[in-house]
Amino acid sequence: MANQLPVKVVAVEESVWSGEAEMLVARTTEGEIGVLPGHSPLLGLLKEPSQVRVKLAGGEQLTYDVSGGFLSIDADGVTVLAESATPATPESH
């Protein structure tokens, strides 16, 4: 089994999603970043508004519309701390 990336998507009011993923893609103020297991530590400011995509094993993808916040990558995985994070609707892609 390939390495999995522990991911947490957290909004101010609630934990939105957490679990194991193959990859996370987010847009920061510096540009889009793809995060794989073993990524170097990083702290990035999320571009707003934007989307965070969590790619799961088996090809499934979860997409969240986010506003504000930041992305933190460390040895424990990746955490998205957003002011708001809601599941994206197909029209918002």
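Calculation criteria
Residues numbered from 1 in each chain as written. Predicted model: local features only at pLDDT ≥ 70, side-chain atom pairs only at ≥ 80, totals over all residues. Heavy atoms only, no water. Pairing = 2+ DSSP bridges. Helix = DSSP H or I, 4+ residues; strand = E, 2+ residues; numbered from the N terminus. Buried < 20%, exposed > 50% of the residue type's maximum accessible area, 1.4 Å probe, protein only. Contact = heavy atoms within 4.5 Å.

A. Quick look at the pairing of strand S3 (residues 23-28). Judged from the four bridges that link them, S3 and strand S6 (residues 50-55) form a sheet pairing that is antiparallel. Bridging across to S6, Val-25 finds its partner in Arg-53. Examined bridge by bridge, S3 and strand S4 (residues 31-35) share five bridges and lie antiparallel to one another. Bridge pairing links Ala-26 to Ile-33 in S4. Once S3 ends, the chain turns through two residues before running back antiparallel as S4.

B. Just the environment of Glu-83, in detail. Within the element layout of this structure, Glu-83 appears in the loop between strand S9 (77-82) and strand S10 (84-87). Residue class for Glu-83 comes out exposed when judged on its relative accessible area of 52%. In this structure, the C-alpha to C-alpha distance between Glu-83 and Leu-46, residues 37 residues apart in sequence, is 10 Å. Setting aside anything within four residues of it in sequence, one finds Glu-83 in contact with Ala-11, Val-12, Ser-67, Gly-68 and Gly-69.

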